[in-house]
Every structure is written in C-alpha cells, then in structure tokens.
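# A structural walkthrough
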Amino acid sequence: MNAGTGVVGLIGHPVGHSKSPEMMNRAFRACGLPFVYLAFDVSPSELGTAVRGMRALGFRGWNVTIPHKVAVLEHLDEVEETAREIGAVNTVVAQEGRLIGYNTDGEGYLRSLVDETGLELSEQRVLILGAGGAARAVAHALATTGVESITIANRTREKAERLAASLRKADARAVSLSELERVVGETTLLVQTTSVGMYPETEAIPIDPSFLHERMIVSDLIYRPRKTLLLREAEARGARIHGGLGMLLHQAALAFEHWMGKPAPVDVMREALEEAMKSAGGG
C-alpha cells in the first residue's frame with residue numbers, strides 16, 4: 001500500500017462476520033490491481049456522514065449490507081433501474097463525481113443457481129419463502145427469466161402481496177403460510193430467503209419438511225451453515241439442493257466488475273471464500 005492505493009469497502013452494522021475483505025483483496029492481488037478493500041461498521045445514525053466521508057476521500061465504491069441497503073438510497077445521486085425496482089442497493093460506484101447505486105444480489109443469485117444446478121429457469125414454478133430485501137432481489141431477478149410462475153409466502157401476507165404486485169414481468173401471487181402444503185406440492189423451485197436456520201439457530205426450519213418432494217430443487221440463501229436443516233431434509237426426500245455460498249460469491253464478483261470494469265477472477269474469489277468459511281467454522 002502507498003499513497004496511490006485505491007480504496008473500496010463495505011459499510012454495515014455489524015460487519016465483523018463479513019468474508020468480503022478476504023474475497024476482494026485476494027482478487028485485487030490476483031489481478032495486480034492497486035486497491036484495498038476495508039470493512040466499516042457504521043451505525044444507522046452515522047450513515048449520511050459515512051457516505052459523505054467516502055465521497056470526499058475518493059473511494060472507488062463500496063458494498064452496502066444490513067441495515068443500510070434501503071436507507072442508503074437517499075444519499076446517492078443515481079440508482080440503477082433494477083436496484084430502484086427492488087428498493088435496495090448493495091453496491092455503490094463512484095463515477096465522475098456521482099454516486100450510483102446498484103443491486104447485484106439478484107443477478108448473483110441467478111449466476112450461482114444456474115452455474116451449480118444447470119436449471120432451465122423458464123420451466124420453473126417458483127415458491128419464495130419470505131418477502132424481505134433478499135426475497136425482493138431474488139424475485140425480481142427470477143421474474144426476468146420467464147419462469148412459469150412465482151408464489152410468495154410470508155408470515156405477513158400483506159408484505160407478500162406487495163412484492164407479488166411489483167413483479168410485473170411474471171405471473172406472481174401471494175399466499176398465506178397455511179396454504180404451503182398445497183403450494184409446495186406444485187413447486188419445482190423453492191427459494192428460502194429468511195434467516196430461519198441460520199447459525200447459531202441451526203436446527204430451525206421454515207416449513208414442515210414433510211411437504212418437500214423429489215420433483216423439486218430446494219435453494220436456501222443461508223450460507224452458514226453450508227447445509228441447513230431445510231437442505232438436509234430436502235436431500236433426504238430426494239430433492240436437489242442449492243446453498244447460499246454461491247450467491248455471496250457471485251454478487252461480490254459483480255460488484256468487482258462494476259468498480260474495475262473488467263471480469264472478476266471468480267475462481268480466486270471462491271478459493272478465498274472457502275478458506276475464510278473454513279477458518280470461521282462455516283461448514
């Protein structure tokens with residue numbers, strides 16, 4: 001590092017668990033790029049101050065994580081169309097004095113899903129569990145692929161209905177949790193976007209596992225543990241499974257590409273992420 005080293009980073013609260021610094025810094029070294037990636041714990045009350053500071057200090061850009069993905073919009077000069085539809089930003093690019101917000105979560109999820117499963121998305125009847133920020137990103141991305149249908153199930157049905165109504169590019173509807181058994185029976189791709197089953201509550205599961213069947217793929221966005229109870233139960237019933245680590249990898253690779261204007265070294269980033277998860281006990 002020297003006076004010419006460029007800076008990118010992450011803002012969130014907390015950020016101590018993030019594996020992004022390992023991934024990004026390994027990528028910069030592999031590509032011979034004079035950049036460093038740093039994580040900053042920013043409280044909600046200091047978000048505006050942090051954004052102004054990063055603008056003033058000449059950051060090339062930064063990632064945004066919980067709880068700032070929505071609140072950061074008001075501090076940006078421009079928000080790309082997909083991020084605006086989702087209503088959340090996870091990547092900011094500083095370009096010619098302007099701060100532009102993007103959301104790479106949805107596309108990162110699609111890259112991971114197709115890369116790891118080879119799924120033909122246009123043939124899928126999708127059920128999404130949850131209606132929060134991750135669900136919005138994934139639902140909007142899936143809606144652009146021509147899937148057969150998207151059903152949103154959430155504890156608060158009104159929230160699920162708002163998300164379904166926003167998916168103008170897809171046949172979308174909302175259901176209550178009491179309807180899950182019937183809906184899961186018709187589902188070919190189940191996407192679990194809630195925090196249920198995340199470390200340390202690893203024995204929690206968001207639906208009755210008896211609903212699961214061998215004619216579906218079950219995809220869980222949680223990456224710690226690598227194989228949640230939901231995925232274990234799905235696998236035991238003959239379903240194909242897809243974990244959340246690939247989404248973390250590919251959304252980061254897309255952010256790299258926005259900042260650097262060149263393809264990300266995905267294999268290098270995957271290796272760094274695997275090592276970081278292993279050292280953190282993320283199996």
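Reference entry: report on the structure contained in this document. Keep in mind that this is a model prediction, so the values were computed, not measured.

A surface patch of like charges, here negative, comprises Glu120, Glu123, Glu148 and Asp171. On the secondary structure map, Glu148 appears in the loop between α5 (133-143) and β8 (149-153).

Mapping Arg55 onto the fold places it in helix α2 (residues 47-56). Residue class for Arg55 comes out partly exposed when judged on its relative accessible area of 36%. When the C-alpha atoms of Arg55 and Ala165 are compared, they prove to be 36 Å apart, with 110 residues separating the residues in sequence. Setting aside anything within four residues of it in sequence, one finds Arg55 in contact with His75, Asp77, Gly97 and Leu99. Looking at Arg55, its side chain comes within polar contact range of the side chain of Asp77, at 3.0 Å.

Turning next to the sheet that holds strand β9 (residues 172-175). Pairing in this open sheet of six strands is parallel, and the strands run β9-β8-β7-β10-β11-β12 from one edge to the other. Two strands in the sheet have a free side with no partner beyond their single neighbour: β9 and β12 (240-242). On average, each strand axis in the sheet is tilted by 20 degrees relative to the strand beside it, whichever way the strands run. Two elements, strand β11 (residues 217-220) and β12, share three bridges in a ladder whose sense is parallel. Paired with Ser219 across the strands is His242, a residue of β12. Sheet contacts for helix α4 (residues 105-117): β10 (189-192), β11 and β12; angle to β12, the most-contacted strand, approximately 140 degrees. Across the sheet, α5 is in contact with β7 (125-129), β8 and β10; its angle to β7 comes to roughly 170 degrees.

Our next topic: unusual backbone geometry. Cis geometry marks the peptide bond from His13 to Pro14, where omega comes out at 5 degrees. Mapped onto the fold, Pro14 is located in the loop between β1 (6-12) and α1 (20-31). Even without a glycine there, the phi angle at Glu96 is positive, about 50 degrees.

Basis of the calculations
- Residues numbered from 1 in each chain as written.
- Predicted model: local features only at pLDDT ≥ 70, side-chain atom pairs only at ≥ 80, totals over all residues.
- Heavy atoms only, no water.
- Patch = residues over 30% accessible without salt bridge, like charges linked within 9 Å, V, L, I, M, F, W, Y side chains within 5 Å.
- Areas by Shrake-Rupley, 256 points an atom, 1.4 Å probe, with all protein chains shown as cover.
- Salt bridge = Lys/Arg side-chain N within 4 Å of Asp/Glu carboxyl O.
- Lys, Arg positive; Asp, Glu negative; His and termini not counted.
- Charge placed at Lys NZ, Arg CZ, Asp CG, Glu CD.
- Helix = DSSP H or I, 4+ residues; strand = E, 2+ residues; numbered from the N terminus.
- Buried < 20%, exposed > 50% of the residue type's maximum accessible area, 1.4 Å probe, protein only.
- Contact = heavy atoms within 4.5 Å.
- Polar contact = N/O pair within 3.5 Å; in protein donor to acceptor, adjacent residues only side chain to side chain.
- Pairing = 2+ DSSP bridges.
- Axes fitted to C-alpha atoms, helices over the stretch in contact; angles between N-to-C directions.

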